[in-house]
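Given next are the chains, with one letter for each unit.
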Amino acid sequence: MQKVIASIDREALRYNFRVIKSHVPGSKIIAVVKANAYGHGLLEVAKTLSDADAYAVARIEEALELRSGGIVKPIILLEGLFNPEDVQVVSASSLETAVGSWEQLEWIEKANLQSPVKVWMALNTGMHRLGLNEDEADEFYSRLMKSSNVVKPIGLISHLSCADDLSSDYTKKQIDVFRRFASAHECHTALANSAGILSWPESHTDYVRPGIILYGVSPYDGKTGEDLGLRPVMTLKSNLIAVRKVRKGDKVGYGATWTAPRDTRLGIVAMGYGDGYPRQAPNGTPVLINGRIAGTAGHVCMDMMAIDLGPDSADKVGDEVILWGKGLPVEKIAELVDTIPYELVLRLTDRVVKEYV
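These notes cover the structure that comes with them.

Basis of the calculations
Residues numbered from 1 in each chain as written. Predicted model: local features only at pLDDT ≥ 70, side-chain atom pairs only at ≥ 80, totals over all residues. Heavy atoms only, no water. Helix = DSSP H or I, 4+ residues; strand = E, 2+ residues; numbered from the N terminus. Buried < 20%, exposed > 50% of the residue type's maximum accessible area, 1.4 Å probe, protein only. Contact = heavy atoms within 4.5 Å. Areas by Shrake-Rupley, 256 points an atom, 1.4 Å probe, with all protein chains shown as cover. Lys, Arg positive; Asp, Glu negative; His and termini not counted. Charge placed at Lys NZ, Arg CZ, Asp CG, Glu CD. Salt bridge = Lys/Arg side-chain N within 4 Å of Asp/Glu carboxyl O. Polar contact = N/O pair within 3.5 Å; in protein donor to acceptor, adjacent residues only side chain to side chain. Phe/Tyr/Trp six-rings, centres within 6.5 Å; stacked < 30°, edge-to-face > 60°. Lys NZ or Arg CZ within 6 Å of the ring centre and 35° of its normal. Core = buried A, V, L, I, M, F, W, Y, C linked by side-chain atoms within 4.5 Å. Patch = residues over 30% accessible without salt bridge, like charges linked within 9 Å, V, L, I, M, F, W, Y side chains within 5 Å. Pairing = 2+ DSSP bridges. Axes fitted to C-alpha atoms, helices over the stretch in contact; angles between N-to-C directions. Parallel < 35°, antiparallel > 145°, perpendicular 65-115°, else oblique. Left-handed = near helix turned anticlockwise from the far one by under 90°.

### Section: the overall build of the chain
(1) Moving on: If you tally the helices and strands in the chain, you get 11 helices and 18 strands.
(2) Moving on: A principal-axis box enclosing the C-alpha atoms of the chain has dimensions of 75 × 45 × 35 Å.
(3) Moving on: Per-residue burial for the chain yields a buried fraction of 54% across its 357 residues.
(4) Moving on: Sequence-distant contacts in the chain: of pairs separated by 6 or more residues, those separated by 24 or more amount to 64%.
(5) Moving on: Surface summary for the chain: the accessible area is close to 16000 Å², and the carbon and sulfur share equals 50%.
(6) Moving on: If you average the places of the 40 positive and of the 45 negative side-chain charges in the chain, the two averages end up 6 Å apart.

Okay, structure coming up:
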């Protein structure tokens, strides 16, 4: 039976990890595997990245899935606690958590715990999403240090909001805020994200947190992972389920949005927005078939899409079609559909079968 497959290359994942390590020889690495490892498979990716010093997720459910799957290394909750009951779960499961609000601090202080929890104090250095503002951070830190429910020393964590923009001086300001607080307090530190790792060595602290670059995808507009020396981990592929002739002037698909410019052959691919491929992909969006590029023809449907194979093509039913991955960077597709590659690799539905190679 033919399936829509997301082929996950374990060796490419390990290779990208080694590339990252070469950029930060003095830092430990927290592998960010939130959101089902950016669509690549949470547990399988964590097991593959066995050389990571720790893992980071967004939600407590993700952390518990890793624990139940046999992952024993440190796991950090980047969004922190959602309610007072989470404190008990974090303690019982030996998790670590970001703490960036007064409510979260009070939940920890008031909890009746068998063992204290490891926390990462979230400092707002300028993104204004989570974390303490600099003028309130000293008091917050002091209360964490006084709490018997908190393991000492604590961690300090923040997030760079513009590190992918190398023309902006905002990242330097964020780094200065972070280092100013860290130098005055006892803590272990984690600041650099993917773009910080590659482009801002002054953001390299005790720990770094690579996300999208682990998966071989660029954090920068106008560049691919391969431009940065990385390898794509996910290759999304399907097959031709039909090949048909169309005449010059024939209109194809819903809304008749593509008109054949010549007599040609049309390939129908078992891939659509029901699988997570973007419906807004314009005519001519590239796919890779039998070693060459062909373009989409007409609107992407729920379960299928059409591609213009050309009048002299010899492609046949069953031939493999690559939608993105090896030979066709996902960044190129994202640019055409006016989104970021993060969204494309994340949005694949349960109909897509993951194949680990």
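### A few points about the pattern of salt bridges
(1) Moving on: Counted according to the given criterion, the structure contains 15 salt bridges.
(2) Moving on: Across the salt bridge formed by R14 and E11, the nearest N and O atoms sit 3.7 Å from each other. Residue R14 and its partner E11 are both found in helix α1 (residues 10–23); the two are separated by three residues, about one turn of the helix.
(3) Moving on: Overall, R14 belongs to the partly exposed group, its relative accessible area being 34%.
(4) Moving on: Among the ionic pairs, E320 bridges to K237, the shortest N-O distance being 3.6 Å.

### Considerations on the side chain of T339
(1) Moving on: With respect to the helices, strands and loops of the structure, T339 is situated in the loop between α10 (330–336) and α11 (341–346).
(2) Moving on: Polar side-chain contacts of T339 include one of 2.3 Å to the side chain of E343.
(3) Moving on: Apart from the residues lying within four places of it in its own chain, the contact partners of T339 are A334 and L344.

### Comments concerning the packing of aromatic side chains
(1) Moving on: According to the stated counting rule, one finds six aromatic pairs in the structure shown.
(2) Moving on: Where W120 meets Y207, the ring centres are 5.5 Å apart and the plane angle is 85°; that geometry is what we call edge-to-face. Remark: Y207 occurs in strand β9 (residues 207–208) and W120 occurs in strand β6 (residues 118–122); sequence separation between them is 87 residues. The residues W120 and Y207 share a single accessibility class, namely buried.
(3) Moving on: Site record: aromatic cluster; members linked through ring pairs are Y38, Y215 and Y342.
(4) Moving on: Between the NZ or CZ atom of K223 and the centre of the ring of Y220, over which it lies, the distance is 5.7 Å.
(5) Moving on: It is R231 that lies over the ring of Y15; its NZ or CZ is 3.6 Å from the centre.

### Quick look at the nonpolar core
(1) Moving on: Within the largest apolar cluster, 107 residues are counted, with the highest numbers of intra-cluster contacts made by V33, Y55, L66, M121, L236, Y277 and W324.
(2) Moving on: In this structure, Y277 is in contact with M271, G272, T285, V300, M305, L323, W324 and I333, ignoring residues within four places of it in sequence.
(3) Moving on: Grouped together as the second largest cluster of nonpolar side chains are eight residues, V252, L266, A297 and A306 included.

### What to know about a negative patch on the surface
(1) Moving on: Together, D164, D165, D221 and E335 make up a negatively charged patch on the protein surface.
(2) Moving on: Topologically, E335 is positioned in helix α10.
(3) Moving on: We classify E335 as exposed; its relative accessible area is 59%.

### Section: the pairing of strand β1 (residues 5–8)
(1) Moving on: The alternating pattern of β1 places I5 and S7 on one face and A6 and I8 on the opposite face, and all of these are buried.
(2) Moving on: Relative to strand β18 (residues 353–356), β1 runs parallel, the two sharing four bridges. Residue pairing across strands places A6 opposite K354, the latter belonging to β18.
(3) Moving on: Relative to strand β10 (residues 234–246), β1 runs antiparallel, the two being bridged by four bridges. The partner of I5 across the bridge, within β10, is K237.

### So, the environment of A52
(1) Moving on: Tracing the backbone shows A52 in the loop between α3 (42–48) and β3 (54–57).
(2) Moving on: According to the relative accessible area criterion, A52 is buried, its value standing at 0%.
(3) Moving on: With 23 residues separating them in the primary sequence, A52 and I29 have C-alpha atoms 5.6 Å apart.

### A short note on the side chain of R209
(1) Moving on: With respect to the helices, strands and loops of the structure, R209 is situated in the loop between β9 and β10.
(2) Moving on: Here R209 sits buried without a salt bridge, and the closest side chain of opposite charge, D206, lies 11 Å off (N-O distance).
(3) Moving on: In terms of polar contacts, R209 uses its side chain to reach the backbone carbonyl oxygen of S158, at 2.8 Å.
(4) Moving on: A distance of 3.1 Å separates a polar atom in the side chain of R209 from the backbone oxygen of A190.

### As for the packing of helix α7 (residues 134–146) against helix α8 (residues 170–183)
(1) Moving on: Two elements in contact, α7 and α8, have axes separated by 12 Å at closest approach and are oriented at 30°. Classified by the angle between their axes, α7 and α8 sit roughly parallel to one another. At the point where α7 passes α8, the crossing takes the right-handed sense. Judged by residue contacts, E134, A137, D138 and Y141 of α7 engage V177, R180 and F181 from α8.

### Regarding unusual backbone geometry
One can expect most non-glycine residues to show negative phi and most peptide bonds to be in trans.
(1) Moving on: Cis geometry is adopted by the peptide bond preceding P153, which originates at K152 and carries an omega value of -5°.
(2) Moving on: Looking at the secondary structure, you find P153 in the loop between α7 and β7 (154–157).
(3) Moving on: Notably, A37 is not glycine yet its phi reads approximately 55°, a positive angle.
(4) Moving on: By secondary structure assignment, the location of A37 is in helix α2 (residues 34–39).

By themselves these figures say nothing about function.
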